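Coordinate inspection notes
Below, each chain spelled out in residue letters.
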Amino acid sequence: MRGVAILGSTGSIGTSTLNVLRRHRDRFRLVGLTAGSNATLLAEQIAEWQPRFASLVSDAGPGCLLEAATHPDADIIVNAVVGFAGLEATLAALKAGKRVALANKESLVVAGELVRQTATAGGGEIIPVDSEHSAVLQCLSGHAQRPRRLILTASGGPFRDWEHERLAGATIAEALNHPTWRMGSKITVDSATLANKAMEVIEAHHLFGLSFDQVEVVVHPQSIVHALVEFSDGSVLSQLGFPSMELPILYALTHPERADDAGVQPFDPVRAGTLSFEPVRREVFRAFHAGVEAGRAGGTAPAVFNAANEVAVGAFLAGRIPFGRISEVIEAALADQTPEPADSLRAVQTADRRARNDAERLVA
Ligand code: NAD
Ligand code: MG
């Protein structure tokens, strides 16, 4: 029996993780639950699971995330917190030698080097929950050789074929209407701007030790092919399935093994229908371009990108700025801030705070 703690248990990934655990009570014991502010749902979860540790960040403060992340009875920490707020818990869990099933991609975006070093020093391991990265990991299993190239797929979001002018004035409801995935509001907007896919390129760079030239993105509206992995002989492997986060979550818990599971809709290639692929329109989806370039620049640039994005997405969802302004705020914040080495938590936190202040000013 492996002990599991979930950070962000009331969100989309958190509740999907509980669905997975409900089917695998023989393998996993839920030992910890933490949530941001949804007291009602957390209380229901506590009543069902009777975990040893449970806490609400809005009551107990962010320290409770670290307590759950290092709980002695937890072997696996599912980090399903959204945003920069998840970083310290990722570091704490890795330092304590835990497996981190990482949905909180922001941890790797803002502090990829630090997260990797902390894992090595503490004996912890990072297993991605993000579906594209889970697909890559599954394709790599059993291969000693590094891949030559990764191609991550992007659904393209609700504005895949919109012209620039129409996109600039997209409404909140339109941005939240994702064609293939049901997720939390922040990542749904990130999928509409394609900032999410830039974060996934940075995530892949750190997880698989590949250069930015080796990680490509292609738009694939059906979200059936989750990633493509090319080896040195030109062979390309892929992982396919109808969109569901429960499979990558389960795989992150059991890797390198697989568990018997019937939770995911059986694949039917005929029903999946035609699979199509198209290039990313980088000149339209400027947040994607800015994010990848921030990743290439390195240092604290990805932390600036992330902070500006979090502020801009928050402002968009609050009705304070139009959709088209999100990428402009990101670009302006990146132009304002000079990247510095991201070699300590403090350096990353400082860059995050500065970029947030700058982005708040830009939004106002
Ligand atoms: P969500 O908004 O549905 O849930 C977020 C969870 O984090 C909630 O439990 C919330 O209470 C908690 N939370 C929010 N702010 C917090 C804070 N400051 N401190 C502590 N807890 C806080 O989001 P989600 O869609 O579940 O996404 C979670 C993470 O997983 C994000 O990083 C996202 O990019 C990533 N992810 C999600 C999906 C998906 O399908 N939803 C897929 C891939 C990756
Ligand atoms: Mg993804």
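Worth saying up front: this structure is predicted, and the values here are computed from it rather than measured. (Residues numbered from 1 in each chain as written. Chains lettered and ligands numbered in written order. Predicted model: local features only at pLDDT ≥ 70, side-chain atom pairs only at ≥ 80, totals over all residues. Heavy atoms only, no water.)

On to the packing of aromatic side chains, then. In this description, a pair of aromatic rings is defined by centroid distance and the angle of the planes. This model, assessed by the stated rule, comprises 4 aromatic pairs. An angle of 50 degrees between the planes, with centres 4.5 Å apart, marks the rings of Phe159 and Trp162 as tilted. Considered together, Phe159 and Trp162 belong to a single accessibility category, that of buried residues. For the ring pair Phe159 and Phe323, a centre distance of 5.0 Å and an interplane angle of 80 degrees mean the geometry is edge-to-face. One end of the pair, Phe159, is in the loop between β7 (149–154) and α8 (164–168); the other, Phe323, is in the loop between α15 (301–317) and α16 (325–336), with 164 residues separating them in the sequence. By relative accessible area, which is 0% here, Phe159 ends up buried. Chaining the aromatic ring pairs together yields one cluster made of Phe159, Trp162, Phe316 and Phe323. (Phe/Tyr/Trp six-rings, centres within 6.5 Å; stacked < 30°, edge-to-face > 60°. Buried < 20%, exposed > 50% of the residue type's maximum accessible area, 1.4 Å probe, protein only. Helix = DSSP H or I, 4+ residues; strand = E, 2+ residues; numbered from the N terminus.)

Attention shifts here to unusual backbone geometry. Of note, the amide linkage connecting His255 to Pro256 takes the cis form, showing an omega dihedral of 5 degrees. By the element assignment, Pro256 lies in the loop between α12 (246–254) and α13 (269–272). Within the chain, Leu194 stands out as a residue other than glycine whose phi angle is a positive 70 degrees. By the element assignment, Leu194 lies in the loop between α10 (185–193) and α11 (195–208). One non-glycine residue with positive phi stands out, namely Ser223, at about 50 degrees. Positionally, Ser223 belongs in the loop between β8 (215–219) and β9 (225–230).

Binding of the magnesium ion (ligand 2) to the protein goes through Asp130 (OD), Glu132 (OE) and Glu200 (OE), at separations of 2.1 to 2.2 Å. Expressed as a motif, the donor residue spacing for the magnesium ion (ligand 2) is D-x1-E-x67-E. One end of the pair, Asp130, is in the loop between β6 (125–128) and α7 (131–140); the other, Glu200, is in helix α11, and 70 residues separate them in sequence. Glu200 carries the same exposure label as Asp130, and that label is buried. (Donors = N, O, S within 2.8 Å, 3.2 Å for Na, K, Ca; no water.)

This paragraph deals with the site of ligand 1. Around ligand 1 sit 24 residues in total, of which Thr10, Ile13, Gly36, Glu106 and Gly184 are the nearest. The separation between an oxygen atom of ligand 1 and a polar main-chain atom of Gly8 is 3.2 Å. Here an oxygen atom of ligand 1 and a backbone polar atom of Gly36 are 2.7 Å apart. Considering ligand 1 on its own, with 830 Å² of exposed area, one finds that the protein chains cover 84% of that surface. When its residues are assigned to classes, the shell around ligand 1 shows 12 nonpolar, 9 polar and 3 charged. (Near = heavy atom within 4 Å. Polar contact = N/O pair within 3.5 Å; in protein donor to acceptor, adjacent residues only side chain to side chain. Areas by Shrake-Rupley, 256 points an atom, 1.4 Å probe, with all protein chains shown as cover. Nonpolar A, V, L, I, M, F, W, Y, C, P; charged D, E, K, R; others polar.)

What follows covers the pattern of salt bridges. Tallied over the full model, the rule gives 29 salt bridges. For the salt bridge of Arg52 with Asp73, the shortest nitrogen-to-oxygen distance reads 2.7 Å. Here the residue Arg52 occupies a position in the loop between α2 (39–49) and β3 (53–56), and Asp73 occupies one in the loop between α4 (63–69) and β4 (76–79), the gap between them amounting to 21 residues. Overall, the relative accessible area of 52% leaves Arg52 in the exposed class. Judged by relative accessible area, Asp73 falls into the partly exposed class, the value being 27%. The closest approach of N and O atoms between Glu200 and Lys105, which form a salt bridge, is 3.0 Å. Of this pair, Glu200 sits in helix α11 while Lys105 sits in the loop between β5 (99–102) and α6 (106–122), and the two are 95 residues apart along the sequence. This pair shows no difference in class: Glu200 is buried, exactly as Lys105 is. In the salt-bridge network here, residues are joined through shared partners; they are Lys105, Asp130, Glu132, Lys197 and Glu200. (Salt bridge = Lys/Arg side-chain N within 4 Å of Asp/Glu carboxyl O.)

What follows concerns the pairing of β3. Of the strand pairs in this sheet, strand β2 (residues 28–35) and β3 are connected by 4 bridges, and their pairing is parallel. Bridging from a neighbouring strand, Ala35 pairs with Leu56 of β3. (Pairing = 2+ DSSP bridges.)

Let us look at the side chain of Gln239. Of note, Gln239 is situated in strand β10 (residues 236–240). Not counting residues up to four positions away in its chain, the partners in contact with Gln239 are Ala135, Gln138, Cys139, Ile224, Val225, His226, Ala227 and Leu247. (Contact = heavy atoms within 4.5 Å.)

Once that is clear, we can look at a nonpolar patch on the surface. A contiguous nonpolar patch, built from Leu240, Phe267, Leu275 and Phe277 and spanning about 330 Å² of accessible area, is present on the exposed surface. The residue Leu275 is located in the loop between α13 and α14 (286–297) in this model. (Patch = residues over 30% accessible without salt bridge, like charges linked within 9 Å, V, L, I, M, F, W, Y side chains within 5 Å.)

A separate point is the nonpolar core. Core analysis: the largest hydrophobic core is formed by 88 residues, its most contacted members being Leu21, Phe159, Phe288, Phe323 and Ile326. The element best represented in this core is α15, accounting for 10 residues. Ignoring sequence-local partners within four residues, the contact set of Leu21 consists of Val4, Ile6, Phe28, Leu30, Trp49 and Leu253. Ala5, Leu7, Ala69 and Leu87 belong to the second largest nonpolar core, which has 30 residues in total. (Core = buried A, V, L, I, M, F, W, Y, C linked by side-chain atoms within 4.5 Å.)

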